[in-house]
Amino acid sequence: MKSTAIANSNIALVKYWGKRNEKLILPFNSSISMTLDGLYTATTVEFSEKYKQDSLSIDGGHIFGEELSKASVQLDIIRKLAKSTLKGKMVSRSNFPKSAGLASSASGFAALTLAATKALGLHLDRKELGIIARQGSGSACRSLYGGFVEWQKGTLEDGSDSYARQIAPKDHWGELAMVVSVVTAKEKKVKSRAGMAQTVANSPLYKAWLETVEDDLVKARKGIKEMNFTLLGAIAEMNCLKMHCTMVTTTPHIIYWEPQTVSMMKEVMAMREEGLECYFTIDGGPQVKILCLDKDVKKIEARVRENKDVQKVYLCHAGDDAGITKEDLF
Ligand code: 2P0
């Protein structure tokens, strides 16, 4: 009745932005991500008669309100499958800041789904796990797999064909690195969920986003399969800029970039001009993630660390599948 899972965070190279069904979390477009080693969430879930209600602790703090109810709804989906009415205690720890654009909800809901299904004795494959994880947070279905992953949007109303699949395992492209620069660890003001809903509702550019994203997916898949860094990097950078343009043009505007974000983007462009090939991607927050190859990573990491605005740097490569661990958190 108690189980612990670990899931890595993932960063999209072709982004998920916009839902066609908010309740089931079904996206308008497919997305492609790299699962990161070293940025993870571990979650222990225990179901027991002794618990009168669900409880959630994240990084040592007790969580109530909307965040607890999202986690509880996720347990409800799993309890229904397992025909259980037991309440659950959830304890979660991440080794990186949450709600700051580093995909903590992806690793969080992937670990929660895996731990809770295991604790209730369900034996599900990764497709079934993905369909459940997706309903907690869309990008969570991608964190169930290591390496390079595609969340296929699916077309069915019930969401049964909207789940993630691995494009390539982590060892396929061990030289691909991501330098994650944290320019501020403050929690963002507009959560991705609200941001994308507003974008779908009123950005005049959202239609253009959907029209061009299919082509980005084709090129990103090819870039990963053929380990064509220039192709993948250029697509990832442009796709990120297109996504941000859709949100900048909503009313009221959503601008996740801080001045330090823009200065880091310019730094990436300058390094590229100097012959250090690298590309940026940015999510629903101010952090800049820089894609590069191992041959250049030391120089690029040093340049990022030199920047006085950068508070923390994580050097990541493609990480492992989410999995069960024996090290319970309580
Ligand atoms: C992504 N993001 O593909 C995109 C790019 C942020 C920018 O997935 O509402 O926390 O829980 O499904 O997954 C962040 O949004 O949103 C996200 P919900 P989620 O990684």
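If you're wondering where the values come from, they're calculated on a predicted model, not measured in any experiment.

Participant: Describe the packing of helix α2 (residues 104-119) against helix α3 (residues 126-136), naming the residues involved and giving the relevant values.
Facilitator: Packing of α2 against α3 brings their axes to within 9 Å, and their N-to-C directions diverge by 130 degrees. The orientation of α2 relative to α3 falls into the category oblique. Seen along the crossing, α2 lies across α3 with a hand that is right-handed. Of the residues in α3, those touching α2 at Phe109, Thr113, Leu114 and Thr117 are Leu129, Ile132, Ala133 and Gly136. Taken together, the residues of the contact of α2 with α3 sort by class into five nonpolar, three polar and no charged.

Participant: Please give an account of the nonpolar core that cites residues and values.
Facilitator: With 76 residues, the main nonpolar core has Met34, Phe148, Leu176 and Leu291 as its most contacted residues. Mapped onto the domain boundaries, this core takes at least three residues apiece from domain 1 (2-170) and domain 2 (176-317). If sequence neighbours within four positions are ignored, phenylalanine 148 has contacts with Ser33, Met34, Arg165, Gln166, Ile167, Ala168, Pro169, Trp173, Leu176, Ile224 and Ala318. In this structure, Met265, Met271, Leu276 and Val310 belong to the second largest nonpolar core, which totals 20 residues.

Participant: Outline the site of the ligand, supporting the account with residue identities and numerical values.
Facilitator: Taken together, 17 residues lie near the ligand, and Tyr16, Lys19, Ser137, Gly138 and Ser139 sit nearest. Between glycine 138 and the ligand, the recorded distance is 2.7 Å, taken from a backbone N or O atom to an oxygen atom. Here the shell around the ligand takes three residues from helix α4 (residues 192-202), the largest share from any one element. Here the shell around the ligand is composed, by residue class, of six nonpolar, six polar and five charged. Formed jointly, the shell around the ligand draws a minimum of three residues from each of two domains, domain 1 (2-170) and domain 2 (176-317).

Participant: Talk me through the environment of isoleucine 78; I want residue IDs and the actual numbers.
Facilitator: Within the secondary structure layout, isoleucine 78 lies in helix α1 (residues 65-82). In this structure isoleucine 78 comes out as buried when scored by relative accessible area, which is 0%. Considered as a pair, isoleucine 78 and methionine 264 are 186 residues apart in the sequence and their alpha carbons are 42 Å apart. With residues up to four places along the chain from it excluded, the contact list for isoleucine 78 reads Thr113, Ala116, Thr117, Leu120, Leu122 and Ile132.

Participant: Any details on the UniProt feature "domain: Mvd1 C-terminal" (unreviewed entry) in the protein? Residues and values, ideally.
Facilitator: The positions that UniProt labels "domain: Mvd1 C-terminal" (unreviewed entry) are, in the present scheme, residues 179-306. Taken end to end, residues 179-306 has its terminal C-alpha atoms 13 Å apart, with 62% of it in helix and 11% in strand.

Rules behind the numbers
Residues numbered from 1 in each chain as written. Predicted model: local features only at pLDDT ≥ 70, side-chain atom pairs only at ≥ 80, totals over all residues. Heavy atoms only, no water. Axes fitted to C-alpha atoms, helices over the stretch in contact; angles between N-to-C directions. Helix = DSSP H or I, 4+ residues; strand = E, 2+ residues; numbered from the N terminus. Parallel < 35°, antiparallel > 145°, perpendicular 65-115°, else oblique. Left-handed = near helix turned anticlockwise from the far one by under 90°. Contact = heavy atoms within 4.5 Å. Nonpolar A, V, L, I, M, F, W, Y, C, P; charged D, E, K, R; others polar. Core = buried A, V, L, I, M, F, W, Y, C linked by side-chain atoms within 4.5 Å. Buried < 20%, exposed > 50% of the residue type's maximum accessible area, 1.4 Å probe, protein only. Domains from an automatic or database assignment. Near = heavy atom within 4 Å. Polar contact = N/O pair within 3.5 Å; in protein donor to acceptor, adjacent residues only side chain to side chain. UniProt positions renumbered as here; feature names shortened; annotations may be inferred.

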